[in-house]
Amino acid sequence: MIKLIASDLDGTLIPEGTQEMEDGFMDVLGELLERGYEFCAASGRQYANMRRVFEEYQDRIGFVCENGALVMEHGTIQYAQKLPRELVSEVSADILSLPCTDILLSGVKACYIHPRTDWFENQIINVLKNETCVFQELDEVDDTIVKIAMYIYDFPKNIENIRTFFGKKYGTLADFLCAGNDWFDMIMKGSGKGSALRAYIEKKGIRPDEVMAFGDNQNDISMLELTPHSYAMAHSTPEVRSHAGHVCTSVTQTLRAFLDTELS
């Protein structure tokens, strides 16, 4: 029996290139909660951003944030995996040395950027509406860092060289994952959405086979592998789809069909 539904946001519940939730989803979410199911949003986004997205239900659901580095519920940290400060300094220096990247450090309190372009600064502050601080020197950042993300300009041209460089230098310590359009994220080895979601459901006494999960990108694979009731979006790559139990075109339609089946 399904007890909890977990879903990625960008590319899954929120179509890529937009900031708008899939049409009709909030109505379905309300019905799920009223009928006793639990819901957990799982994203590379920061907690404050995700709370705004789910403003109507923010105190009734869980949040796997920052690609699994932080789990929040009712404003309380349920799980966190911080990055060592020395590693943050070294990786940040490497990112800042690359002319084709912009850096975003995700902390518990806010995110921190050192923007190369006005476009990037506007995207983080005004489009994504993150709680954001601009820094000049890393020493100015007074927060626990849980994730390092880089935005890669001309992503198709540059991603493989960047992936190879960071993988060779830091691959024994950290995992590097594509996360949404043009983003490449670093999290500690062994962490990720799957590990965070597992820790979250274990606290609740929920088994993996009582979870339904949705995702579309490389950073969702560990979550899709957690449960046999996992759905990769139809536009996902073959690699991502191979780790899911099912494929769907719409989270909302899939959950609506699930609710209708449960009613019958």
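As a reminder, the structure under discussion sits directly above these lines.
Residues numbered from 1 in each chain as written. Predicted model: local features only at pLDDT ≥ 70, side-chain atom pairs only at ≥ 80, totals over all residues. Heavy atoms only, no water.

### A few points about the environment of G107
Next, step 1: Note that G107 resides in strand β6 (residues 101-107).
Next, step 2: Note on G107: relative accessible area 5%, which makes it buried.
Next, step 3: Between the alpha carbons of G107 and V28 there is a distance of 31 Å; along the sequence they are 79 residues apart.
Next, step 4: Among residues more than four places away in sequence, those in contact with G107 are E66, Y112, D143, T144 and I145. (Helix = DSSP H or I, 4+ residues; strand = E, 2+ residues; numbered from the N terminus. Buried < 20%, exposed > 50% of the residue type's maximum accessible area, 1.4 Å probe, protein only. Contact = heavy atoms within 4.5 Å.)

### Section: the side chain of N130
Next, step 1: Structurally, N130 is set in the loop between α4 (118-127) and β8 (132-134).
Next, step 2: What N130 contacts, discounting residues up to four positions off in sequence, is Q46, N49, R52, L104, C111, I124 and I125.

### Here's the deal with the packing of helix α3 (residues 85-96) against helix α5 (residues 155-170)
Next, step 1: Close contact between α3 and α5 brings their axes to 12 Å; oriented N to C, the two are set at 155 degrees. Judged on the interaxial angle alone, α5 and α3 are roughly antiparallel. Considering only the axes of α3 and α5, their crossing is right-handed. Here L87, E90, V91, D94 and I95 of α3 come into contact with α5, specifically with F165, F166, K169 and Y170.
Next, step 2: Residues of the contact of α3 with α5, tallied by class, amount to six nonpolar, no polar and three charged. (Axes fitted to C-alpha atoms, helices over the stretch in contact; angles between N-to-C directions. Parallel < 35°, antiparallel > 145°, perpendicular 65-115°, else oblique. Left-handed = near helix turned anticlockwise from the far one by under 90°. Nonpolar A, V, L, I, M, F, W, Y, C, P; charged D, E, K, R; others polar.)

### Describing the pattern of salt bridges
Working definition: two side chains of opposite charge can pair if their charged atoms are close together.
Next, step 1: A full pass over the atoms with the stated rule returns 20 salt bridges.
Next, step 2: Between D94 and K169 there is a salt bridge whose closest N-O contact spans 2.9 Å. Here D94 is found in helix α3, whereas its partner K169 is found in helix α5, with 75 residues between them in sequence.
Next, step 3: Connected through shared salt-bridge partners, K3, R207, D209 and E210 make up one network. (Salt bridge = Lys/Arg side-chain N within 4 Å of Asp/Glu carboxyl O.)

### Focus: the sheet that holds strand β10 (residues 174-178)
Next, step 1: The mixed open sheet is built from six strands, whose spatial order is β8-β7-β6-β9-β11-β10. Two strands in the sheet have a free side with no partner beyond their single neighbour: β8 and β10. Pairwise comparison of adjacent strand axes, ignoring direction, gives a mean angle of 25 degrees for this sheet.
Next, step 2: Pairing geometry for strand β7 (residues 111-113) and β8, over three bridges, is parallel. In the strand pairing of β8, I113 is matched with V134.
Next, step 3: Along the sheet, α4 contacts β6, β7, β8, β9 (145-152) and β11 (183-188); its crossing angle with β7, the most-contacted strand, is approximately 170 degrees. (Pairing = 2+ DSSP bridges.)

Purely spatial values, then, with no claim about function.
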